[in-house]
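In case you want the letters, here they are:
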Amino acid sequence: MTAPPPASSSTDQDYVHHPAVRWLHWTMAILIFVAIALGVVAAYLPVGQEPRRSLLELHKSLGFTILILLVVRIGWRLMVAEPAFRRPLDRSTRLASRAGHLALYALMLFMPLSGYLYSGAGGYSLPWFGLFQWPRLLPRDPGLSHWGQVLHDRAAWVLGAVLAMHLAAVAWHAFVKRDEVLSRMTGRTGAD
Ligand code: HEM
Ligand code: HEM
């Protein structure tokens, strides 16, 4: 849902994402990049030993944090319309961007859930920065845990591919089309 064009008394702020949306986007982007890096490094290290164990503790803690922030972000997204465009995008670009953002939301949800399936059903730890353990809502089941691992791994590749497309699309808007897409998320409206 995109907001209708603002009335003639519109300000620059009508054309950029709300500060809370921008904060959530950039904070979660950093957490997701760090979580991916930790997960990839840990996956190549010997099982059950340091430093894999500590890296995965941090990886899982970040994963749970991402899930909490995602709930807030989805709630916001359902209640508040996206800002209008000064120069609306053409139909195919708009559809491609909707599909890409929807896929990113689905993957941001699927990654922690499949990780939870893997670790929860496997009887592994479910930590949050050494402060407490998240409840284990699943029975201990090696088969289920294996499925979680397979899904987590496959989805990680899909996330990598969709993220690469997201970054390529942002670069195309910023450097080729030179439109307002990047400034909507940075909040720097002066360049328009
Ligand atoms: C948005 C959140 C998350 C992202 C982006 C993410 C991403 C990744 C990536 C890229 C890997 C390396 C590829 C692989 O072997 O699967 C990985 C591994 C792993 N992740 Fe996650 N993950 C997230 C959340 C979680 C959560 C919440 C848990 C558990 C509660 C978890 C548990 C694991 C484990 C145990 C591994 C090691 C896999 C192995 O050695 O085979 N992840 N994750
Ligand atoms: C350096 C990395 C990144 C850059 C430069 C970037 C840039 C942007 C920009 C410019 C927009 C605004 C598009 C618009 O208003 O039409 C946007 C939206 C979005 N981005 Fe990113 N992004 C990055 C990383 C990520 C990551 C890691 C994710 C999640 C996995 C993500 C998910 C989204 C989503 C879901 C939207 C739609 C707007 C919303 O609902 O918040 N982005 N991004």
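Look a little higher up for the structure.
Being a predicted model, the structure only gives us computed values, none of them experimental. Throughout, residues of each chain are indexed from 1 in the direction in which the sequence is written. Labels are handed out in written order, letters beginning with A for the chains and numbers beginning with 1 for the ligands. Confidence filtering applies because this is a predicted model: local features only for residues at pLDDT of at least 70, side-chain atom pairs given and counted only at 80 or more, and all residues used for totals across whole chains, interfaces and linings. By convention in this description, side-chain values take in all heavy atoms of the structure and omit both hydrogens and water.

### Details of the packing of aromatic side chains
The following threshold applies: Pairs were defined over the aromatic rings of Phe, Tyr and Trp, the Trp ring being its six-membered one, requiring ring centres within 6.5 Å. Orientation was assigned from the angle between planes: stacked under 30 degrees, edge-to-face over 60, tilted for the rest. By the criterion adopted, a ring carries a charge over it if an Arg CZ or a Lys NZ lies within 6 Å of its centre and within 35 degrees of its normal.
Per the counting criterion, the structure on display carries six aromatic pairs. Between the aromatic rings of Tyr 118 and Tyr 124, the centroid separation amounts to 6.2 Å while the plane-to-plane angle is 80 degrees, which identifies the pairing as edge-to-face. Seen from the ring of Phe 85, Arg 184 lies directly overhead, with NZ or CZ sitting 3.7 Å from the centre.

### Some thoughts on the site of ligand 1
Let me state the cut-off plainly: For this purpose, a residue is taken to be near a molecule or strand whenever a single non-hydrogen atom of the residue falls within 4 Å of it. Under the rule applied, a polar contact is a pair of N or O atoms within 3.5 Å (in protein, one hydrogen donor and one hydrogen acceptor; residues adjacent in sequence only if both atoms are side-chain atoms). Helix numbering and strand numbering both begin at the N terminus, where a helix is a DSSP run of H or I of at least 4 residues and a strand a DSSP run of E of at least 2. Asp, Glu, Lys and Arg are counted as charged, while Ala, Val, Leu, Ile, Met, Phe, Trp, Tyr, Cys and Pro are counted as nonpolar; the rest, among them Gly, fall into the polar class.
Neighbouring ligand 1 are 23 residues; Arg 52, His 59, Gln 149, His 152 and Asp 153 lie closest to it. One of the side-chain N or O atoms of Gln 149 is found 2.9 Å from an oxygen atom in ligand 1. Within the side chain of Asp 153, one N or O atom sits 3.3 Å away from an oxygen atom of ligand 1. Taken together, the elements giving at least two residues each to the shell around ligand 1 come down to helix 1 (19-43), helix 2 (52-79), helix 3 (91-122) and helix 4 (142-177). Of the residues belonging to the shell around ligand 1, the class tally is 13 nonpolar, seven polar and three charged.

### What about the coordination of the iron atom of ligand 1?
This is how the line gets drawn: Atoms of type N, O and S within 2.8 Å of a metal are treated as its donors, and for Na, K and Ca the window is 3.2 Å; water is not considered, so some sites may appear to be missing partners. Angle rules define the geometry names used: all angles between 85 and 135 degrees makes four donors tetrahedral, while opposite donors over 155 degrees apart and all other angles between 65 and 115 make four donors square planar and six octahedral, leaving every other case irregular. Each residue is placed in one exposure class: buried if its accessible area under a 1.4 Å probe, protein chains only, is under 20% of its type's maximum, exposed if it is over 50%, and partly exposed if it falls in between.
Summarising the metal site, the iron atom of ligand 1 is bound by the protein donors His 59 (NE2) and His 152 (NE2), whose distances to it range over 2.0 Å. Its six donor atoms give the iron atom of ligand 1 angles of 87 to 178 degrees at the centre, a pattern that matches the octahedral case. Highlighted residues: His 59 in helix 2 and His 152 in helix 4, separated in sequence by 93 residues. Just as His 59 is buried, His 152 falls in that class too.

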